[in-house]
Amino acid sequence: MSGRRVADLLADLEPVGRDGGTGGFRRYAWTRDDHELGSWFEAECAARGLAVTEDRAGNQWAWWGDPDATPGRAVVAGSHLDSVPDGGAFDGPLGVVSALLAVDRLRSRGFVPARPIGIARFVDEEGARFGVACAGSRLITGKLAADRALGLADADGITLAEALRSAGRRPDDLGPDPQALARIGTFVELHVEQGKGLIDLDAPVGVGSDIWPHGRWRFDFPGVADHAGTTALADRSDALLGLARLVLAARTAAERNGCLATVGKTRVQPGGVNAIPSAATAWLDARGSAEEAVRAALADLTASAAADGGVITEESWTPVTRFDRDLATRLATLLGGVDQPAPVLGTGAGHDAGILARAGIPTAMIFVRNPTGVSHSPAEHAEPDDCEAGVDALAAVLADLASD
Ligand code: GLV
Ligand code: MN
Ligand code: MN
Ligand code: MN
């Protein structure tokens, strides 16, 4: 196994969920592509002699050592393999691939861990298919109730329960998994940076401090279908007008309140070019460094949508997450030295690491420099040397945390 590099493993994944048109990836939860990603993970672990277990949400855990022999002591690294629509190659896979290679590097130098080391692959981090981000980690930590999750539907109306059955799984198995969580002493997620912080700091790797509060809301606007050529403007009830006003209001509310707000997904029914829209749905993503700013923007948007008869449903809300400060300091010092510790920086992107941290697990993140800051796009990138620096950093962190 030793000698392989990040680019080699990412190249193995390249054909899976490839969207020919954009050069990006569409790797959605509980699809055939997702199954292929899970099988790839299992094969990589098997090739390293690592036993793979699955928790009640289908997240996969590979073990070097027996995590049940000494519960609560395992040091686990990992991330996800699913993607957003037309996502890049690094968001998620970089963390899983780096964990596999970090284990290789530790073994090639004869490291013998005093604690079990685990590699995790979380399912459905992006929520691209069923709407709730970090579904795998939210489920096992009880932050997403199984009965709510099972009823979530994708764009074709297929529920998670149906998707699980099609994937050969039992929906009844879904639920909190305290036993899986109890194995973890420390969790570390390595991730490509999704902004320009590390470029500005001129550093290949950094350590996470916190994740901004963020949430997703669904807005449903009512209308009445009618003929586009025979219905006078005064007689129309056009659902899309409310949605259009919401999109503009989101931009204004974000500017006024000092946060971010994005409508990145919409659905219009019946969807005929010559029919007046009878229903329009918009999904809003709002985040910011201050929760009050996000809440104030949402209040503005609630008022604006209500005037158009819009009905708002909160799909998820994650308060600010602060990673274990002592752990972050320890990692920054380990990676950069006492005199020049690695940078410690926050992010507006959500991660499974944030969900585990909120569940009380000592958790850290390592970010790898992204030369353009672009993410959730096929243009997302990290230089090969920075990726290798990330693996070295993760190996150093695992060695440090698992040495006593
Ligand atoms: C997940 O990547 C998110 O922050 O949207
Ligand atoms: Mn992402
Ligand atoms: Mn990610
Ligand atoms: Mn994410």
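Residues numbered from 1 in each chain as written. Chains lettered and ligands numbered in written order. Predicted model: local features only at pLDDT ≥ 70, side-chain atom pairs only at ≥ 80, totals over all residues.

*Asks:* With reference to specific residues and values, describe the site of ligand 1.
*Replies:* Taken together, the neighbourhood of ligand 1 is formed by Glu126, Ala133, Ala349 and Gly350. Considering only residue class, the shell around ligand 1 consists of 2 nonpolar, 1 polar and 1 charged. (Near = placed C-beta within 6 Å. Nonpolar A, V, L, I, M, F, W, Y, C, P; charged D, E, K, R; others polar.)

*Asks:* How would you explain the UniProt feature "binding site: Zn(2+) 1" (unreviewed entry) in the protein chain if you had to name every residue and give the values?
*Replies:* In this structure's numbering, the residues bearing the UniProt feature "binding site: Zn(2+) 1" (unreviewed entry) are His80, Asp91 and His191. In sequence the annotated residues extend across 112 residues, while in space they remain close, none of their C-alpha pairs exceeding 9.6 Å. In contact with Asp91, other than residues within four places in its own chain, are Ser83, Val192, Ser375, His376 and Glu380. Within the secondary structure, His191 is located in strand β5 (residues 184-192). Discounting chain neighbours no more than four positions away, the residues touching His191 are Ser79, Leu94, Gly95, His351, Met365 and Phe367. (UniProt positions renumbered as here; feature names shortened; annotations may be inferred. Contact = placed C-beta atoms within 7 Å. Helix = DSSP H or I, 4+ residues; strand = E, 2+ residues; numbered from the N terminus.)

*Asks:* An account of helix α3 (residues 93-108) is needed here, citing residue identities and associated values.
*Replies:* For α3, with 16 residues, the first-to-last C-alpha span of 22 Å sits near the 22 Å given by 1.5 Å per residue. Of all 16 residues in α3, 12 are buried; the element is thus mostly enclosed. Those residues of α3 that sit buried are Pro93, Leu94, Gly95, Val96, Val97, Ser98, Ala99, Leu100, Leu101, Ala102, Val103 and Leu106. In the segment just after α3, Gly110 is the residue with positive phi, at about 75 degrees. (Expected span 1.5 Å × (residues − 1). Buried ≥ 20, exposed ≤ 12 C-beta atoms within 10 Å, placed from the backbone.)

*Asks:* Would you mind going over the domain arrangement of the protein chain in detail, with residue names and values included?
*Replies:* Structurally, the protein chain comprises domain 1 (6-212 + 320-401) and domain 2 (215-317). Distance from the C-alpha centre of domain 1 to the C-alpha centre of domain 2: 32 Å. Of the residues lining the interface, 6 residues belong to domain 1; the matching set on domain 2 comes to 8 residues. Tallied by class, the residues present in the side of domain 1 that touches domain 2 amount to 4 nonpolar, 2 polar and no charged. (Domains from an automatic or database assignment.)

*Asks:* Describe the nonpolar core, listing the residues and the values that go with them.
*Replies:* Membership of the largest hydrophobic core comes to 88 residues, with the highest contact counts inside it found for Ala77, Leu94, Ala102, Val207, Ile366, Leu394 and Leu398. With 9 residues, the single largest contributor to this core is α3. Setting aside residues no more than four positions away along its own chain, Ile366 makes contact with Val188, Leu190, Val205, Val207, Gly390, Ala393, Leu394 and Val397. By size, the runner-up hydrophobic cluster in this structure holds 23 residues, among which are Phe221, Ala249, Ala261 and Leu284. (Core = buried A, V, L, I, M, F, W, Y, C linked by C-beta atoms within 7 Å.)

*Asks:* Break down unusual backbone geometry for me, with residues and values.
*Replies:* Cis geometry is found at the peptide bond from Gln269 to Pro270, where omega equals 0 degrees. Take Pro270: it is sitting in the loop between β8 (260-269) and β9 (279-287). A positive phi angle, close to 65 degrees, is found at Trp30, a residue other than glycine. Mapping Trp30 onto the fold places it in the loop between α1 (6-13) and α2 (32-47). Of note, the phi angle at Cys134 is positive, near 55 degrees, even though the residue is not glycine. Take Cys134: it is sitting in the loop between β4 (117-122) and α4 (135-140). Assessed through the 26 C-beta atoms surrounding it within 10 Å, Cys134 is described here as buried.

*Asks:* If you had to explain the pairing of β5 to someone new, which residues and values would you point to?
*Replies:* Of all 9 residues in β5, 9 are buried; the element is thus mostly enclosed. By the bridge criterion, 4 bridges tie strand β3 (residues 74-80) to β5 in an arrangement that is parallel. Its bridge partner lying in β5, Val76 is registered against Phe187. Alignment of β5 against strand β13 (residues 363-368), held across 6 bridges, turns out to be parallel. Looking at the pairing, Phe187 lines up with Thr363 of β13. (Pairing = 2+ DSSP bridges.)

*Asks:* Break down the pairing of strand β6 (residues 205-211) for me, with residues and values.
*Replies:* Counted residue by residue, β6 has 5 buried out of 7 residues, so it is predominantly covered. Relative to β13, β6 runs antiparallel, the two being bridged by 3 bridges. Bridge pairing in β13 links Val205 to Val368. Of the pairings in the sheet, the one linking β6 to strand β12 (residues 344-347) comprises 3 bridges and is parallel in character. Each residue of the ladder has a partner; that of Val207, found in β12, is Val344. Pairing of β6 with strand β11 (residues 321-322), which is carried by 2 bridges, proceeds in the antiparallel orientation. Bridging from a neighbouring strand, Ile211 pairs with Thr321 of β11.

*Asks:* Give a description of the UniProt feature "binding site: allantoate" (unreviewed entry) in the protein chain that names residues and reports values.
*Replies:* Here the UniProt feature "binding site: allantoate" (unreviewed entry) sits at Arg216, Asn274 and Arg287. In sequence the annotated residues extend across 72 residues, and in space they extend as well, their farthest C-alpha pair lying 36.4 Å apart. Locating Asn274 in the fold gives a position in the loop between β8 and β9. For Asn274, a count of 7 C-beta atoms within 10 Å corresponds to the exposed category. Counting through the fold element by element, Arg287 comes out in strand β9. For Arg287, a count of 24 C-beta atoms within 10 Å gives the class buried. Ignoring sequence-local partners within four residues, the contact set of Arg287 consists of Trp212, Pro213, His214, Cys259, Leu260, Val294 and Gly348.

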